[in-house]
Amino acid sequence: MTITITAFERSPDGGKGLARDTRIRWALEEVGQPYEVRLVSFRAMKEPAHLAVHPFGQIPTYEEGELALFETGAIVFHIAQRHPGLLPVDANARARAIAWMFAAVNTMEPPILELGNARLLESDKPWNKERMPLVEDRVRSRLKQLSARLGHADWLDGAFSAGDLMMVSVLLRLKASGILDEFPNLSAYVARGEARPAYKRAFAAQLAVNTGKPPTA
Ligand SMILES: N[C@@H](CCC(=O)N[C@@H](CS)C(=O)NCC(=O)O)C(=O)O
């Protein structure tokens, strides 16, 4: 059955891989599933046809036969459940990998997004200078905890899993801020994720959309 995902017709990041379709592309590349992409404009995302698939008018979505999904956590979980390669077979290890997926979107991503908003959307507000250290410290405190847990390991819990895929995807958002560099083991963790051939293919595919040139990975 053909898998079709949606992505920005033109991503606001110009192809840095931060648009969330990259996570889905990465998961599909990891499990070796081909997929098609339907590009949507910001206007089309708010129109009824897209809202029928994504109630919040966002990307990415995932369609496969009669199944239509939104939310990257749910989509990556679905892919990982349906195809081998992203979740351990052992039931307890599998449950822990799923916990890391939730931790990525529920514990790590909110303060990271808040920092992005403070930097990009609120920099002209009179209170921004005062608020920024608070927002940065919230991110730092989560990174400190994550860094302590990762220690010298390559991945969060044994072999690479959907938990790592989601966590690396979320942390990538911090690359430009420099905060990640304060935690060398997390920077190295993110670099390990980016070095995976499946990530490279996913990154190249989303970049190709934004540059108009064919993928090179
Ligand atoms: N929690 C959602 C967030 C989806 C999301 O924020 N998508 C962004 C692109 S990465 C979007 O569509 N932004 C445009 C908008 O919200 O209008 C997920 O993980 O799928």
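Here the structure is shown first, and the text comes after it.
Just so you know, these numbers come straight off a predicted model, no measurement behind them. (Residues numbered from 1 in each chain as written. Predicted model: local features only at pLDDT ≥ 70, side-chain atom pairs only at ≥ 80, totals over all residues. Heavy atoms only, no water.)

**Quick notes on the pattern of salt bridges**
Think of it this way: side chains of opposite charge can pair up when their charged atoms draw near.
Thought 1: Enumeration according to the criterion identifies 16 salt bridges in this entry.
Thought 2: Taking the shortest distance from any N to any O, the salt bridge between Glu194 and Lys175 comes out at 2.8 Å. Here Lys175 lies in the loop between helix H7 (162–171) and helix H8 (184–195) and Glu194 lies in helix H8, a separation of 19 residues in the sequence.
Thought 3: Here Lys175 falls in the partly exposed class, since its relative accessible area comes to 46%.
Thought 4: Members of the salt-bridge network, linked through shared partners, are Arg20, Arg23 and Glu109. (Salt bridge = Lys/Arg side-chain N within 4 Å of Asp/Glu carboxyl O. Helix = DSSP H or I, 4+ residues; strand = E, 2+ residues; numbered from the N terminus. Buried < 20%, exposed > 50% of the residue type's maximum accessible area, 1.4 Å probe, protein only.)

**Side note on the environment of Gly17**
Thought 1: With respect to the element layout, Gly17 can be found in the loop between strand S1 (3–8) and helix H1 (21–30).
Thought 2: Put simply, Gly17 and Leu172 are 155 residues apart on the chain and 8.6 Å apart in space, counted from C-alpha to C-alpha.

**Overview of the packing of helix H5 (residues 91–120) against H7**
How two helices pack is summed up by the angle between their axes together with the distance between the axes.
Thought 1: Closest axis-to-axis distance for the H5/H7 pair is 7 Å, and the angle between their directions is 10 degrees. Here H5 lies roughly parallel to H7, going by the angle between them. Contact with H5, carried on its side by Ala97, Trp100, Met101, Ala103, Ala104, Val105, Met108, Glu109 and Ile112, involves Ala162, Gly163, Met166, Met167, Val170 and Leu171 of H7 and no other residues of that element.
Thought 2: Partitioned by chemical class, the residues of the contact of H5 with H7 number 13 nonpolar, one polar and one charged. (Axes fitted to C-alpha atoms, helices over the stretch in contact; angles between N-to-C directions. Parallel < 35°, antiparallel > 145°, perpendicular 65-115°, else oblique. Contact = heavy atoms within 4.5 Å. Nonpolar A, V, L, I, M, F, W, Y, C, P; charged D, E, K, R; others polar.)

**Structural notes on the packing of aromatic side chains**
Thought 1: Within the structure shown, the criterion is met by seven aromatic pairs.
Thought 2: Site record: aromatic cluster; members linked through ring pairs are Trp26, Trp155, Phe160, Tyr189, Tyr199 and Phe203.
Thought 3: Between the NZ or CZ atom of Arg192 and the centre of the ring of Trp155, over which it lies, the distance is 5.8 Å.
Thought 4: Between the NZ or CZ atom of Arg196 and the centre of the ring of Phe160, over which it lies, the distance is 3.6 Å. (Phe/Tyr/Trp six-rings, centres within 6.5 Å; stacked < 30°, edge-to-face > 60°. Lys NZ or Arg CZ within 6 Å of the ring centre and 35° of its normal.)

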